[in-house]
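What follows is the residue order along each chain.
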Amino acid sequence: MRQPLVAGNWKMNGSKASIATLLDGIKAGLASVEKAALVVCPPFVYLEQVAEALRGTRIALGAQNVSHEPSGAFTGEVSAAMLKDMGCAYVIVGHSERRSYYGDTDLLVAKKFAAVRAAGMKPILCVGETLEEREKNVTEAVVARQLAAVIELEGAAALQDGVIAYEPVWAIGTGRTATPQQAQDVHAFIRGRIAAIDEAVAEKVQILYGGSVKGANAEELFGQQDIDGGLIGGASLNADEFLAIGRAGR
Ligand code: PEP
């Protein structure tokens, strides 16, 4: 049985004050979230503040991006070892905003996955198609290609050290959510691809759904057989919404 996981991707939002308020709200309602593991992924500059505020709670710390390089002359970059040092347990890699605005290729994402894993943290590997790709009926081919890059570099067994997040690009920040059946179909496809190589890994790996998840739609999405929780953007900036999503599902 896979434990549900709900991860908040705060993106480039927040201030010291607003983050303190948000975390106070989440901590105040934490007892109501019984089954799901929770993760919050603040911007790099707030990692220390958030790590401090999370100390002694069961909420894990995550980061939104990482360099694939271990150290050295890479101005503006942050290594996996640094994130581990700050107390991160999870790192998002391959978010569609990184892929589309910052040129993160499948290979670079795979290298980031490898760097996070080597540092002893869990990569949250984002995959998903654009609207154009869905309309061309190439959703499965796109997701398979994104997944294959990691499998080729690290092997399928490496996936059990991470988490996969299926995030249809057309559903991210748009208010347009995939239907539970659309999401389940792609989740089952992903699990099937992995099972074709290693059934035990496929059974174990958590596959999250992301794309305009809210308290109001999380229950139905997370109730699907292959959906093990969510990667949450906008709604993770609201404590009550984030907690409601955490209470949803299996
Ligand atoms: C995301 O950024 O990963 C995401 C799913 O965003 P939102 O929930 O706002 O659609």
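Up top you'll find the structure we're talking about.
A few points on the structure. Everything quoted here is computed from the prediction, not taken from an experiment.

1. Details of the packing of helix α1 (residues 16-29) against helix α2 (residues 47-54)
As a packed pair, α1 and α2 sit with axes 11 Å apart at the nearest point and diverge in direction by 25 degrees. In terms of their interaxial angle, α1 and α2 are classed as roughly parallel. Crossing hand, α1 versus α2: right-handed. In this structure, α1 contributes Lys16, Ile19, Ala20, Leu23 and Lys27 to the contact, and α2 contributes Gln49, Val50, Ala53 and Leu54. Residues of the contact of α1 with α2, tallied by class, amount to six nonpolar, one polar and two charged.

2. A few points about the packing of aromatic side chains
As enumerated under the stated definition, the model contains two aromatic pairs in all. Judged by centre distance (6.3 Å) and plane angle (80 degrees), the ring pair of Tyr101 and Tyr102 falls under edge-to-face. Residue classification places Tyr102 among the exposed residues on the basis of a relative accessible area of 53%. A centroid spacing of 6.3 Å and a plane angle of 55 degrees characterise the contact between Tyr166 and Tyr209, whose relative ring orientation is tilted. Highlighted residues: Tyr166 in strand β6 (residues 163-166) and Tyr209 in strand β7 (residues 206-210), separated in sequence by 43 residues. Tyr209 shares its class with Tyr166; the two are buried.

3. A short note on the side chain of Arg99
Relative to the helices and strands, Arg99 resides in helix α4 (residues 96-101). Relative accessible area serves as the criterion here: at 16%, Arg99 is assigned to the buried category. From its side chain, Arg99 meets the backbone oxygen of Gly94 in a polar contact 2.8 Å long. A polar side-chain atom of Arg99 sits 2.8 Å from a polar atom in the side chain of Asp106. Look past the residues within four positions of Arg99 in its chain and what remains in contact with it is Gly94, Asp104, Asp106, Val109, Leu125, Cys126, Val127 and Gln146.

4. Here we look at the pairing of β7
Extensive coverage of β7 is indicated by the burial of five of its five residues. Side-chain alternation along β7 places Gln206, Leu208 and Gly210 on one buried face and Ile207 and Tyr209 on a second face that is also buried. Assessed by its sense of winding, the connection that carries the chain from β7 through helix α10 (residues 215-222) to strand β8 (residues 229-232) is right-handed.

5. A word on the pattern of salt bridges
Per the stated rule, a full pass over the model turns up 14 salt bridges. Between Arg55 and Glu52 there is a salt bridge, with its nearest N and O atoms 2.8 Å apart. By relative accessible area, which is 58% here, Arg55 ends up exposed. Note that Arg117 and Glu154 form a salt bridge whose closest N and O atoms lie 2.8 Å from each other.

6. Some words on the site of the ligand
Taken together, 14 residues are adjacent to the ligand, and Lys11, His95, Glu167, Gly173 and Ser212 come closest. A distance of 2.8 Å is found between an oxygen atom of the ligand and a side-chain nitrogen or oxygen belonging to His95. At 2.7 Å, a side-chain N or O of Glu167 approaches an oxygen atom of the ligand. Compared with its free state, where it exposes 300 Å², the ligand has 95% of that area covered by protein. Looking at the shell around the ligand, its residues break down into four nonpolar, eight polar and two charged.

7. Some words on the sheet that holds strand β5 (residues 122-127)
As summarised here, the arrangement of the eight strands in space is β1-β2-β3-β4-β5-β6-β7-β8, forming a closed barrel in which the pairing is parallel. Pairwise comparison of adjacent strand axes, ignoring direction, gives a mean angle of 25 degrees for this sheet. By the bridge criterion, four bridges tie β6 to β7 in an arrangement that is parallel. Each bridged residue has a counterpart across the sheet, and for Val163 the counterpart in β7 is Gln206.

8. A short note on the side chain of Glu167
Counting through the fold element by element, Glu167 comes out in the loop between β6 and α8 (180-195). One buried charge, Glu167, has no salt-bridge partner; the nearest side chain with opposite charge is Lys11, at 6.8 Å. A distance of 3.4 Å separates polar atoms of two side chains, one belonging to Glu167 and the other to His95.

9. Topic: α1
With 14 residues, α1 ought to run about 20 Å at 1.5 Å a step, and its terminal C-alpha atoms sit 20 Å apart, in line with that. Next to the buried residues of α1 lie β2 (37-41), α2, β3 (59-63) and α11 (239-247).

Conventions used here
- In this numbering scheme, every chain counts its residues from 1 along its sequence in written order.
- A pLDDT threshold of at least 70 governs which residues receive local features in this predicted model, and a stricter bar of 80 or more applies before side-chain atom pairs are shown or counted, although totals over entire chains, interfaces and linings include all residues.
- Side-chain metrics rest on all non-hydrogen atoms present in the structure, leaving aside hydrogens and water.
- Axis definition: a line fitted to C-alpha atoms, over the contacting stretch in the case of helices. Angles run 0 to 180 degrees between N-to-C directions.
- In this description a helix means any DSSP run of H or I spanning at least four residues, a strand means any run of E spanning at least two, and both kinds are numbered starting from the N terminus.
- What sets the label is the angle itself: under 35 degrees gives roughly parallel, over 145 gives roughly antiparallel, 65 to 115 gives roughly perpendicular, and the rest give oblique.
- Each helix crossing is assigned a hand: it is left-handed if the near helix lies turned anticlockwise from the far helix by less than a right angle, otherwise right-handed if that turn is clockwise.
- Contact criterion: two residues are considered in contact whenever any of their non-hydrogen atoms come within 4.5 Å of each other.
- Following the grouping adopted for this structure description, the nonpolar residues are Ala, Val, Leu, Ile, Met, Phe, Trp, Tyr, Cys and Pro, the charged ones are Asp, Glu, Lys and Arg, and the polar ones are all others, Gly among them.
- Here the aromatic set is Phe, Tyr and Trp, taking the six-membered ring for Trp, and pairing holds for ring centres within 6.5 Å; pairs whose planes are under 30 degrees apart are stacked, those over 60 apart are edge-to-face, and all others are tilted.
- Whether a residue is buried, partly exposed or exposed follows from its accessible area with a 1.4 Å probe, protein chains only, as a fraction of its type maximum: under 20%, in between, or over 50%, in that order.
- What qualifies as a polar contact is a pair of N or O atoms within 3.5 Å, subject to a donor-acceptor requirement within protein and to the restriction that residues adjacent in sequence count only when both atoms come from side chains.
- The definition of a right-handed crossover adopted here requires that, viewed with the strands pointing away, the path from the first strand over the helix to the second runs clockwise.
- Any carboxyl oxygen of Asp or Glu within 4 Å of a side-chain nitrogen of Lys or Arg constitutes a salt bridge here.
- Put simply, a residue is near a molecule or strand once any heavy atom of it comes within 4 Å of that molecule or strand.
- Using a 1.4 Å probe, the Shrake-Rupley method yields the accessible areas, and only the shown protein chains count as cover for residues.
- Strand pairing is assigned whenever DSSP detects at least two bridges linking the two strands.
- In this tally, Lys and Arg are treated as positive and Asp and Glu as negative; His is ignored, and so are the chain termini.
- Expected helix span is taken as 1.5 Å per residue step, with the number of steps being one fewer than the number of residues.

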